[in-house]
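Here's the letter readout for the chains.
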Protein chains: 2
Amino acid sequence: MITELDDIDIRILDLLQHDARTTTKEMADKLGLTVTPVSVRIRKLEEAGYIKRYVAILDKDKIEKSLIAFTSIQLREHSQDALRSFEKAVTKMREVMECHRLTGRTDFLLKIAIRDMNEYNNFLMDKLAKLANIGSVQSHFVLSEGKAETAYPLTLNIQKEKGK
Amino acid sequence: MITELDDIDIRILDLLQHDARTTTKEMADKLGLTVTPVSVRIRKLEEAGYIKRYVAILDKDKIEKSLIAFTSIQLREHSQDALRSFEKAVTKMREVMECHRLTGRTDFLLKIAIRDMNEYNNFLMDKLAKLANIGSVQSHFVLSEGKAETAYPLTLNIQKEKGK
DNA sequence: AGTGAAAAGTTTAGCCG
DNA sequence: CGGCTAAACTTTTCACT
């Protein structure tokens, strides 16, 4: 099993989180290795859960989900049951891509992907507003995406040591 | 070139956005086709820009980016230059995974991935607060992720017609 | 841990219905 | 537009260092 990542593991993770189609051969060349150790390391990283999944990122405009809303929700009641049942209900909705429970006044932040404002209105009226225990809802729409990364910032061990 | 997606295209996109490692053979079996048309359709979907990229999703806790913050920013000045230069500066920061320009009182919503509160504080002090034109900053931390999808909700044409 | 070569699996291309 | 077959490429496994 993996105890700690070395720089080669970190570089493999970084290559894959930017382009999951990078071949083991390409990685091997960049890392100055052959394909075998790269392949073995990837399998170990997958098994140990460092890599959760591989996904394709689609163009939201092309598939007609041009409207992205960040919707913040405050509940009226904050018992464990109330929080759980809200979360359970909302995560089932297909339009809700993300549901984050937050610190501060806002209880939940949802990321909603939908066709247009008309459909967002329907979503609010027919689905969200029908949930029990909703206190207040604020909708913020995305005007432009300056950055939309799925990759986390990774730091090599050598660089970390430099910083010390 | 692709004019409109048929249901087979949509199902291919949906399979890939949930698991980019699905082989053409598996898709072909699910779709009742052979690998050739699946392979051809995927290439066309890539070329037409429906599929933007393939990425690996990492486990943030395992790579020590356990703290996720949604940070909302109001600027003092809202000229085009002011907005642009803020966005340009902030998208360069590695900790900033997403930068959305929003409607409403909040100008920008940032998603920040970082090790812990201590490093978030350093990020705020040393990087974010040093930018010109910052009006106010509110930090909201993620307590738990109820849902974190990268896949958009897709609808088959048959289902759409049912809805009519 | 890594190398090199062989085996298995996957994707792509050509040709035909 | 899809099926079939062959070629190219990629990933995985094995013996060896």
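The numbers attached to residues start from 1 for each chain and follow its sequence in the written order. Chains and ligands are labelled sequentially in the order written, the chains with letters from A and the ligands with numbers from 1. In keeping with the predicted nature of the model, local features appear solely for residues at pLDDT of at least 70, side-chain atom pairs appear and are counted solely at 80 or more, and the whole-chain, interface and lining totals rest on all residues. Remark: hydrogens and water are excluded; side-chain values derive from all non-hydrogen atoms of the structure.

J.: Hey, could you run me through the relation of the copies chain A and chain B in this one?
T.: Least-squares superposition aligns the copies on the C-alpha atoms of those residues with pLDDT at or above 70 in both. Between chain A and chain B, which share one sequence, the superposing operator has a rotation angle of 180° and an axial displacement of 0.0 Å; the RMSD is 0.0 Å. The two molecules are tied by a two-fold rotation axis, judged by turn and shift. When each C-alpha of chain A is compared by its distance to the rotation axis, valine 55 of chain A comes out closest, at 2.8 Å. Here 100% of the contact residues of chain A are again contact residues in chain B; the copies associate through an equivalent surface. Should any heavy atoms of two residues lie within 4.5 Å, those residues are considered in contact.

J.: How do you make sense of the protein's contact with DNA strand D when you look at a structure like this?
T.: Surrounding DNA strand D, one finds Thr23, Thr24, Val35, Thr36 and Ser39 of chain A together with Leu33, Thr34, Thr36, Pro37 and Arg41 of chain B. Taking serine 39 of chain A, its side chain carries an N or O atom lying 3.1 Å from a phosphate oxygen of DNA strand D. At the level of elements, helix 3 (35–47) of chain A together with helix 3 (35–47) of chain B are the ones that each hand at least two residues to the surface near DNA strand D. Side-chain classes are defined by residue name, with Ala, Val, Leu, Ile, Met, Phe, Trp, Tyr, Cys and Pro counting as nonpolar, Asp, Glu, Lys and Arg as charged, and the others, Gly among them, as polar. When its residues are assigned to classes, the surface near DNA strand D shows three nonpolar, six polar and one charged. Near residues are defined by distance, with any heavy atom within 4 Å of the molecule or strand qualifying the residue. Pairs of N or O atoms within 3.5 Å make up the polar contacts considered here, provided that, within protein, one atom can donate a hydrogen while the other can accept it, and that residues adjacent in sequence are counted only when both atoms are side-chain atoms. Secondary structure follows DSSP: runs of H or I at least 4 residues long count as helices, runs of E at least 2 residues long count as strands, and numbering of each begins at the N terminus.

J.: How do you make sense of the domain arrangement of chain A when you look at a structure like this?
T.: Often, the extent of an interface is quoted as the loss of accessible area on bringing the components together. Marked domain ranges trace back to an automatic or database domain assignment. Considered domain by domain, chain A is made up of domain 1 (7–56) and domain 2 (67–141). If you average the C-alpha positions of domain 1 of chain A and of domain 2 of chain A, the two centres end up 36 Å apart.

J.: Would you mind showing me how to read the sheet that holds strand 2 (residues 67–75) of chain B here?
T.: Pairing between two strands requires that DSSP report at least two bridges joining them. Strand order around the closed barrel formed by eight strands is 2(A)-4(A)-3(A)-5(B)-2(B)-4(B)-3(B)-5(A), with antiparallel pairing between neighbours. On average, each strand axis in the sheet is tilted by 35° relative to the strand beside it, whichever way the strands run. Pairing analysis gives seven bridges linking strand 2 (residues 67–75) of chain A to strand 5 (residues 134–148) of chain A, with the strands arranged antiparallel. When the sheet's bridge partners are listed, glutamine 74 of chain A is paired in strand 5 of chain A with serine 136 of chain A. In this description, a line fitted to the C-alpha atoms serves as the axis of each element, helices being fitted only across the stretch in contact, and the angle between N-to-C directions of two axes falls anywhere from 0 to 180 degrees.

J.: Help me understand the protein's contact with DNA strand C in this model?
T.: Inspection of the region around DNA strand C gives Leu33, Thr34, Thr36, Pro37 and Arg41 of chain A together with Thr23, Thr24, Thr36 and Ser39 of chain B as its neighbouring residues. Between DNA strand C and threonine 34 of chain A, the relevant distance is 2.5 Å, taken from a phosphate oxygen to a side-chain nitrogen or oxygen of the residue. A distance of 2.9 Å separates a base oxygen of DNA strand C from a polar atom in the side chain of threonine 36 of chain A. Among the elements of the structure, helix 3 of chain A together with helix 3 of chain B are those that each provide at least two residues to the surface near DNA strand C.

J.: Help me understand the packing of helix 1 (residues 7–18) of chain B against helix 2 (residues 24–31) of chain B in this model?
T.: Helix-helix packing is described using two parameters, namely the angle between the two axes and the distance between the axes. Residue and element names in this part refer to chain B. Viewed as axis vectors pointing N to C, helix 1 and helix 2 meet at an angle of 135°, and their least axial separation amounts to 11 Å. The orientation of helix 1 with respect to helix 2, classified from their angle, is oblique. When the axes of helix 1 and helix 2 are compared, the crossing they make is right-handed. Contact residues: helix 1 offers Ile8, Arg11, Ile12, Leu15 and Leu16, while helix 2 offers Met27, Lys30 and Leu31. Looking at the contact of helix 1 with helix 2, its residues break down into six nonpolar, no polar and two charged. Angles below 35 degrees are treated as roughly parallel, those above 145 as roughly antiparallel, those between 65 and 115 as roughly perpendicular, and all remaining angles as oblique. By convention, the crossing between two helices is left-handed when the near helix turns anticlockwise from the far helix through less than a right angle, and right-handed when the turn is clockwise.

J.: Sorry if this is basic, but what is going on with helix 2 (residues 24–31) of chain A here?
T.: Helical geometry: 3.6 residues make up each α-helical turn, so side chains three or four residues apart lie on a common side. Residue and element names in this part refer to chain A. Burial classification: accessible surface area is computed with a 1.4 Å probe over protein chains only, and a residue below 20% of its type maximum counts as buried, one above 50% as exposed, and the rest as partly exposed. When we look at burial in helix 2, the residues that qualify are Met27, Ala28 and Leu31. One side of helix 2 carries all its buried residues, which in axial view fall inside an arc of 100°. Against the buried residues of helix 2 lie helix 1 (7–18) and helix 3. Directly beyond the C-terminal end of helix 2, a positive phi value near 70° is found at glycine 32. For this quantity, the arc is that covered by the directions from the helix axis to the C-beta atoms.

J.: Explain the nonpolar core here, please?
T.: Grouped burial of nonpolar side chains is what soluble globular proteins tend to show. Only buried residues count toward a nonpolar core. Its members are Ala, Val, Leu, Ile, Met, Phe, Trp, Tyr and Cys residues joined through side-chain atoms within 4.5 Å. If you look at the biggest cluster of nonpolar residues, it comprises 60 residues, and the most contacted ones within it are Leu13 of chain A together with Leu13 of chain B. If we ignore the near neighbours within four places in the chain, the residues touching leucine 13 of chain A are Leu5, Leu45, Tyr50, Ile51 and Leu154 of chain A together with Leu58 and Ile63 of chain B.

J.: Just checking my understanding: could you explain the side chain of aspartate 107 of chain A for this structure?
T.: Residues and elements named next belong to chain A. By the secondary structure assignment, aspartate 107 is in the loop between strand 3 (96–102) and strand 4 (108–114). Charge counting follows a simple rule: Lys and Arg are positive, Asp and Glu are negative, and His as well as the terminal groups are ignored. Whenever a carboxyl oxygen of Asp or Glu lies within 4 Å of a side-chain nitrogen of Lys or Arg, that contact is scored as a salt bridge. No salt bridge forms around the buried aspartate 107; measuring N to O, its nearest opposite-charge neighbour arginine 101 is 4.7 Å away. Reaching out from aspartate 107, the side chain makes a polar contact with the side chain of histidine 78 at a distance of 2.7 Å.

J.: How should I be thinking about the packing of helix 1 of chain B against helix 3 of chain B in this particular structure?
T.: Residues and elements named next belong to chain B. Running from N to C, helix 1 and helix 3 point in directions that differ by 80°, and their axes come no closer than 10 Å. Relative to helix 3, helix 1 is oriented roughly perpendicular. Residues Ile8, Asp9, Ile12, Leu13 and Leu16 of helix 1 lie in contact with helix 3, whose contacting residues are Val38, Arg41, Ile42 and Leu45. For the contact of helix 1 with helix 3, the residue count by class is seven nonpolar, no polar and two charged.

J.: Explain the UniProt feature "domain: HTH asnC-type" (unreviewed entry) in chain A here, please?
T.: UniProt tags residues 5–71 of chain A as "domain: HTH asnC-type" (unreviewed entry). Annotated as residues 5–71 of chain A, this span is 49% helix and 19% strand, and its ends, taken at the C-alpha atoms, are 37 Å apart. UniProt positions are given in the numbering used here, feature names are shortened, and annotations may be inferred rather than shown by experiment.

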